[in-house]
Amino acid sequence: MPARPLLAPAASSAAVRAAFLTVKDAADYLGLSPHTLYVWRHRRQGPPSFRMGPRGRVMYRREALDAWIREQEQADSRSNLALNPMSADPQQRSRPSA
């Protein structure tokens, strides 16, 4: 007896569509323009992307976008109190030696 897929074909393709986003869908998800994502990809910046399929469409994993967003939050001093300069102890100025 052949193994049955865990998901029905329709559910399987819907799950794939939800897990992988095109440039346009990723841009909508992030609130950016597709052009910004293309520029970032060219400069090797921004969220990780890859080419998928015989036509080599640029795709993004939804989980990678979420991880990238979390990284951006942690790198921002307004979201990460450890990086906030106002929460650091004041530094003493050194006096110039005469």
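All figures in this text were calculated on a predicted structure; none of them were measured in a lab.

Caption draft 1: Broad picture of the pairing of strand β3 (residues 57-61). Note: strand β1 (residues 20-22) against β3, three bridges, orientation antiparallel. The partner of L21 across the bridge, within β3, is Y60. Note: strand β2 (residues 50-52) against β3, three bridges, orientation antiparallel. Counted as the bridge partner of M52 is R57 from β3. Counting the residues that bridge the hairpin from β2 to β3 gives four residues, and of these G53 lies at a positive phi of roughly 85°.

Caption draft 2: Structural view of unusual backbone geometry. Even without being a glycine, R44 presents a positive backbone phi close to 60°. Within the fold, R44 resides in the loop between α3 (34-42) and β2. When its relative accessible area of 80% is taken as the criterion, R44 is described as exposed.

Caption draft 3: Highlighting the nonpolar core. Within the largest apolar cluster, 10 residues are counted, these being L21, V23, A26, A27, L30, L37, V58, Y60, L65 and W68. At the level of elements, α2 (23-30), β3 and α4 (62-75) are the ones that each hand at least two residues to this core. By residue number, the principal contributor to this core is α2, which donates four residues. The residues contacting V58, other than those within four sequence positions of it, are L21, T22, V23, R41, S49, F50 and R51.

Conventions used here
- Residues numbered from 1 in each chain as written.
- Predicted model: local features only at pLDDT ≥ 70, side-chain atom pairs only at ≥ 80, totals over all residues.
- Heavy atoms only, no water.
- Pairing = 2+ DSSP bridges.
- Helix = DSSP H or I, 4+ residues; strand = E, 2+ residues; numbered from the N terminus.
- Buried < 20%, exposed > 50% of the residue type's maximum accessible area, 1.4 Å probe, protein only.
- Core = buried A, V, L, I, M, F, W, Y, C linked by side-chain atoms within 4.5 Å.
- Contact = heavy atoms within 4.5 Å.

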